[in-house]
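An overview of the molecular structure
Each chain, letter by letter, is given below.
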Amino acid sequence: MIYLSYFLIALGVLFLLFFPFIPVGGNYYRGLLLIYHKYDWSGNSPVWSPRIPMLEIVWWADPFTFRHFETGYAIDGRYVYTGQRIDNSDSKTFHAISSPDHSDKHFDRFYVDKNAVRWGEVRQVKFPRLGQPPENFDAETFAPLGAGFSRDKTGVYYHINIGGGSEKNYYQRYQQNVGGNQSADIVDAETFRIIEFSRNRCRAADKNFLYHAKTCCSRGVGRIEERGTLQIIKALGAEPFEDLGCDYYKTRRGVFYRDLQIYQADAETFQVLSVAERGYCLPYAKDKNYVYYEFQLMKDADPVSFQVVETPFHFSFDRKSRFSREMNFSEFSESRERDENKKFEEEFKKWKEIQSENSAK
């Protein structure tokens with residue numbers, strides 16, 4: 001008799017937990033007192049990982065106000081959920097925005113509440129200035145512009161493959177990477193817009209310039225892989241600019257490498273050290289204080305004695321050190337430093353031979 005009692009109690013508990021088990025969309029199910037989420041578990045085998053359907057309780061979800069939002073998102077009267085609860089989320093201000101160019105509304109879709117901006121299910125942060133830590137977007141003024149670009153009240157940003165850390169919500173199984181977005185310093189934020197976007201070409205414009213974007217970001221149309229994607233094609237307004245070569249520009253606001261402002265640069269003495277004469281361009285530059293590779297300051301380089309080895313290997317040197325791109329050879333491992341020095345000697349010899357030939361002409 002006692003076993004029958006235990007069985008009936010267990011049956012009653014199961015009834016309370018699962019009945020009526022109604023699907024509410026997006027792999028979410030409603031019981032009488034609890035919400036459930038179905039997901040596929042896969043093993044870690046590199047050979048074969050079976051996908052096994054699993055069911056989990058969505059902890060502390062309110063079953064009376066819980067509803068599916070779209071894709072993997074759900075909300076109740078307090079929080080937003082992607083399987084489990086997103087900490088510090090706000091369902092009352094949660095909404096979706098599509099970028100103007102979206103071909104797949106579930107891919108080019110942003111989800112915003114008062115605390116965060118997400119692209120798909122990945123929280124997005126911005127790098128408002130090189131060398132500074134990432135910040136959250138201003139959710140009230142955030143607007144996607146298409147092709148991986150977005151805007152808030154502080155400026156225009158583009159999605160890059162450099163992340164902004166990771167996000168761990170208490171009830172979720174895994175940490176999620178946070179997406180990074182770099183500030184496009186050169187643009188006029190209020191008038192910036194994408195004017196052409198295809199698999200082969202991406203162009204943008206503001207009141208001052210027409211831009212070519214080296215890479216754009218959307219489904220099947222590449223990704224913005226690095227900082228610095230916008231190149232000036234021509235001026236559209238009265239803003240003067242000087243093309244210094246190798247994607248360096250000078251405007252009334254200062255010196256830029258592509259769309260990134262080099263805040264340390266002294267505009268009056270800034271000069272580019274390489275030009276694209278032989279089919280390649282080595283983006284080295286200097287002023288009276290510093291040497292630069294692209295937008296990066298080469299802290300150990302001496303601007304007085306610095307020289308570029310003009311071969312395609314991006315080598316340079318000064319009176320104390322040798323460099324590969326922005327890196328000092330002394331920062332390499334012993335084996336790599338040995339290999340780089342060997343390559344340097346070969347390229348230095350070629351460069352000297354080219355200089356001798358040019359002098360003889």
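Before reading further, recall that the structure is shown in the block above.
Residues numbered from 1 in each chain as written. Predicted model: local features only at pLDDT ≥ 70, side-chain atom pairs only at ≥ 80, totals over all residues. Heavy atoms only, no water.

1. Some words on the pairing of strand β21 (residues 202-205)
Two strands pair when backbone bridges link them, and strand β20 (residues 193-197) and β21 are joined in this way by 4 bridges, in the antiparallel orientation. The residue bridging Ile194 from the neighbouring strand is Ala204, located in β21. A loop of 4 residues connects β20 with β21, the two strands running antiparallel in sequence. Inspection of the sheet shows β21 paired to strand β22 (residues 209-213) by 3 bridges, in the antiparallel sense. (Pairing = 2+ DSSP bridges. Helix = DSSP H or I, 4+ residues; strand = E, 2+ residues; numbered from the N terminus.)

2. Focus: the side chain of Asn328
Take Asn328: it is sitting in strand β35 (residues 327-328). Using a relative accessible area of 6% as the deciding quantity, one classes Asn328 as buried. Here Ser321 takes part through its side chain, which lies 3.3 Å from a polar atom of the side chain of Asn328. For Asn328, the residues in contact, after removing those within four places along its chain, are Asp300, Ser321, Arg322 and Phe323. (Buried < 20%, exposed > 50% of the residue type's maximum accessible area, 1.4 Å probe, protein only. Polar contact = N/O pair within 3.5 Å; in protein donor to acceptor, adjacent residues only side chain to side chain. Contact = heavy atoms within 4.5 Å.)

3. Digging into the sheet that holds strand β24 (residues 241-245)
Taking strand neighbours across the sheet as the criterion, the 4 strands line up as β24-β25-β26-β27 in an open arrangement whose pairing is antiparallel. The outermost strands of the open sheet, each flanked by one partner alone, are β24 and β27 (260-261). Bridge count for strand β25 (residues 248-251) against strand β26 (residues 254-257) is 4 bridges, and the pairing is antiparallel. For Tyr249, the partnering residue across the bridge sits in β26 and is Phe256.

4. Thoughts on a nonpolar patch on the surface
On the surface, a nonpolar cluster with roughly 400 Å² of combined accessible area is contributed by Trp41, Ile52, Met54 and Tyr174. Here Tyr174 lies in the loop between β17 (166-167) and β18 (176-177). (Patch = residues over 30% accessible without salt bridge, like charges linked within 9 Å, V, L, I, M, F, W, Y side chains within 5 Å. Areas by Shrake-Rupley, 256 points an atom, 1.4 Å probe, with all protein chains shown as cover. Salt bridge = Lys/Arg side-chain N within 4 Å of Asp/Glu carboxyl O.)

5. Details of the sheet that holds strand β4 (residues 51-57)
Spatially, 4 strands are ordered β1-β2-β3-β4 in an open sheet, and the strand pairing comes out antiparallel. A single partner strand is all that each edge strand has here, and the edge strands are β1 (22-25) and β4. Put simply, the sheet's adjacent strands are angled 35° from each other on average, direction ignored. Here 7 bridges tie strand β3 (residues 35-42) to β4, and the two strands are oriented antiparallel to one another. Counted as the bridge partner of Tyr36 is Ile57 from β4. (Axes fitted to C-alpha atoms, helices over the stretch in contact; angles between N-to-C directions.)

6. Focus on the pairing of strand β5 (residues 67-70)
Taken together, the 3 bridges between β5 and strand β6 (residues 73-75) define a ladder with antiparallel strand orientation. If you follow His68 over to β6, its bridge partner there is Ala74.

7. As for helix α2 (residues 334-360)
Compared with an ideal rise of 1.5 Å per residue, which puts 27 residues at 39 Å, α2 spans 39 Å between its outermost C-alpha atoms and is within 8% of the ideal. Among the residues making up α2, those that are buried are Glu340, Phe344, Glu347 and Trp351. Summarising the contacts, the buried residues of α2 are in contact with β32 (307-309), β33 (315-317) and β34 (322-324). (Expected span 1.5 Å × (residues − 1).)

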